[in-house]
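The residues making up each chain are set out below.
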Amino acid sequence: MIIYISLALATVIIACLMQKSPEVNIEKGIAMRLPLSREGITRRSLLNAIGMGIIFTMLFVVSALRINVGNDYAKYVEFMHLAWAKQVVPTEWGFNTLTCVIYDLFGYENFLMVFAIFAFATIFFFLLGIWQQSESFKWSFFMFMALGYYYQSISTVRYYLALGIALYSIKYVISRDWPRFVVCVLIGSLFHKSMLVILVLYVLAQLPWKKWMLGIAAAFCLSFVFLQEQYLKLAVILYPSYEDTEYITEGTSVTVLWSEVDSLKSFLSAAKAWTVGNINVFRCLAVLILSLYLYKKAVKDNRRNLFYFYCNLMALAIYVFCTFIPFVSRIGFYLTVTHILFVPTLINQIDDDKKRFYIKIAVIVACIGYFVMYMRGAGNDGVRILPYQTFLFHDMPPILSETGY
């Protein structure tokens, strides 16, 4: 754990020393580059480039040097082996093709290189997306690290590559550059097909919503309460691998957690588990309250912030009404990833210095609390980024194809 905590502290400190040039147009999402003055590269631009290079290198090295770290690491190694052997695997075409190309180039099953390429691309898209689109890189990067996006990319490599591309593609939604947006989505879906959902969600989020439209959306949300069986059947069609698994049969999290309450101790345990399980609901509610407080000033007439606002609102609806769908968190993350852009923007719009200070403290405390909670469970099934191991000192244990069980 000391590696992850040190990495977070070091990179956040470096991010705090960086400052974006005022020439960067966030609304149009102009790519990061070194602005030139008459004398050449500015000092600030050079420092930014150095800082970004150090941050990227630190994040990449920790991710690329790992072995058997992450919930799906061994499973991915197995899928790579089967894909190279021309066997049927549940992973997408892009993942399988990249694996075969790397394996063919090296002449052996070099899964370390595949993971390194995924790490490089994932970190690249996240950092570039944050730098281009955030009003405050240091705040957005702090939230990126504290809310576990980087660490979870170590565990769920395909999905977080798609999520990084989704974050990067938001600038094309804001500028309504639909051809480039669609290209980004199609590229990301080659590695995780769930990314196709933003073709609908992001388009909906940028619409000029009216009251009657919100009424229809509310009625649609209520349909999830009364038509759970039908929606589960649709979920199985979209994700056949979930059929006949515990994700489909176990019921909602509330039902499972509270059905076994029979004492004060079990009540407190269930309450804690429910709070942790619904942390995304509380997070969306907090962002909603802050955005409503600043709605007239920062959101109402700002197309970019309205997009973030409706992304958060849709995420809240999904987490409240669709908990019975097994992959609902993956859909929600495509929406809540906008928090790392939206919250810094809202903070910058608070005129009262005292209020802005207290809200900043609240955000810091909430993010650090989330980070602590995440790290406490970092060794559990579903995450398993602890203990950290590197191929410099550890070997990969045998995979299923080698052991037969």
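The structure contained in this document is the topic of the report that follows. Quick caveat: nothing in here was measured; it's all calculated off a predicted structure.

Now for the overall build of the protein. Summing up its helical and strand segments, the protein has 22 helices and 2 strands in all. Classification of the 405 residues of the protein by burial places 48% in the buried group. Across the protein, the fraction of contacts at a sequence separation of at least 24, relative to all contacts at a separation of at least 6, is 74%.

A separate point is helix α20 (residues 339-348). Burial of α20 is extensive: 9 of the 10 residues sit out of reach of the surface. Listed as buried for α20 are His 339, Ile 340, Leu 341, Phe 342, Val 343, Pro 344, Thr 345, Leu 346 and Ile 347.

Turning our eyes to something else, we now look at the pattern of salt bridges. The tally for this structure, following the rule as stated, stands at 5 salt bridges. In this structure, Glu 135 and Arg 304 form a salt bridge, with 2.9 Å as the shortest nitrogen-oxygen distance. One end of the pair, Glu 135, is in the loop between α5 (111-133) and α6 (137-146); the other, Arg 304, is in helix α18 (residues 303-321), with 169 residues separating them in the sequence.

Our next topic: the nonpolar core. In terms of nonpolar packing, the biggest core is built from 125 residues, with Tyr 4, Phe 141, Phe 144, Tyr 150, Tyr 151, Tyr 202 and Ile 340 touching the most fellow members. Considering every element that reaches this core, the biggest residue donor is helix α8 (residues 157-174), with 14 residues. What Ile 340 contacts, discounting residues up to four positions off in sequence, is Ile 130, Ser 134, Ser 140, Met 143, Phe 144, Leu 147, Tyr 149 and Leu 167.

Okay, the environment of Tyr 370 next. Note on placement: Tyr 370 falls in helix α21 (residues 353-376). In this structure the C-alpha to C-alpha distance between Tyr 370 and Ile 279, which are 91 residues apart in sequence, comes to 8.7 Å.

So, about the packing of aromatic side chains. Following the criterion strictly, the structure yields 37 aromatic pairs and no others. On the basis of an interplanar angle of 80 degrees and a centroid distance of 5.0 Å, the ring pair of Phe 56 and Phe 120 is categorised as edge-to-face. You can see Phe 56 sitting in helix α2 (residues 43-64) and its partner Phe 120 sitting in helix α5, a full 64 residues away along the chain. For Phe 56, a relative accessible area of 16% gives the class buried. Accessibility expressed as a relative area gives 43% for Phe 120, which makes it partly exposed.

Let us now look at the packing of helix α11 (residues 211-226) against α18. Where α11 contacts α18, the axes come no closer than 9 Å and their chain directions differ by 25 degrees. By the angle between their axes, α11 is roughly parallel relative to α18. The element α11 and its partner α18 pack so that their crossing is right-handed. Residues Leu 214, Cys 221, Leu 222, Phe 224 and Val 225 of α11 form the contact with α18, whose participating residues are Tyr 310, Ala 317 and Phe 321.

Moving on to the environment of Thr 57. Note that Thr 57 resides in helix α2. For Thr 57 and Phe 120, which are 63 residues apart along the polypeptide, the C-alpha to C-alpha distance reads 9.2 Å. A polar contact of 2.7 Å, which involves the side chain of Thr 57, links it to the backbone oxygen of Gly 53.

Close contact between α2 and α6 brings their axes to 14 Å; oriented N to C, the two are set at 5 degrees. With respect to α6, the axis of α2 lies roughly parallel. Residues Met 52, Ile 55 and Leu 59 of α2 lie in contact with α6, whose contacting residues are Phe 137, Phe 141, Phe 144 and Met 145. Each residue belonging to the contact of α2 with α6 can be placed in one class, and the counts come to 7 nonpolar, no polar and no charged.

Relative to the assigned elements, Asn 48 resides in helix α2. In this structure Asn 48 touches Met 18, Gln 19, Lys 20 and Trp 131, once residues within four positions along its chain are discounted.

Okay, unusual backbone geometry next. Put simply, Leu 386 and Pro 387 share a cis peptide bond, and its omega is 0 degrees. Unlike most non-glycine residues, Asn 68 shows phi in positive territory, near 55 degrees. Among the secondary structure elements, Asn 68 is positioned in the loop between α2 and α3 (73-84). Of note, the phi angle at Lys 86 is positive, near 65 degrees, even though the residue is not glycine. Within the secondary structure, Lys 86 sits in the loop between α3 and α4 (93-106). Assessed through its relative accessible area of 66%, Lys 86 is described here as exposed.

Cut-off values and rules
Residues numbered from 1 in each chain as written. Predicted model: local features only at pLDDT ≥ 70, side-chain atom pairs only at ≥ 80, totals over all residues. Heavy atoms only, no water. Helix = DSSP H or I, 4+ residues; strand = E, 2+ residues; numbered from the N terminus. Buried < 20%, exposed > 50% of the residue type's maximum accessible area, 1.4 Å probe, protein only. Contact = heavy atoms within 4.5 Å. Salt bridge = Lys/Arg side-chain N within 4 Å of Asp/Glu carboxyl O. Core = buried A, V, L, I, M, F, W, Y, C linked by side-chain atoms within 4.5 Å. Phe/Tyr/Trp six-rings, centres within 6.5 Å; stacked < 30°, edge-to-face > 60°. Axes fitted to C-alpha atoms, helices over the stretch in contact; angles between N-to-C directions. Parallel < 35°, antiparallel > 145°, perpendicular 65-115°, else oblique. Left-handed = near helix turned anticlockwise from the far one by under 90°. Polar contact = N/O pair within 3.5 Å; in protein donor to acceptor, adjacent residues only side chain to side chain. Nonpolar A, V, L, I, M, F, W, Y, C, P; charged D, E, K, R; others polar.

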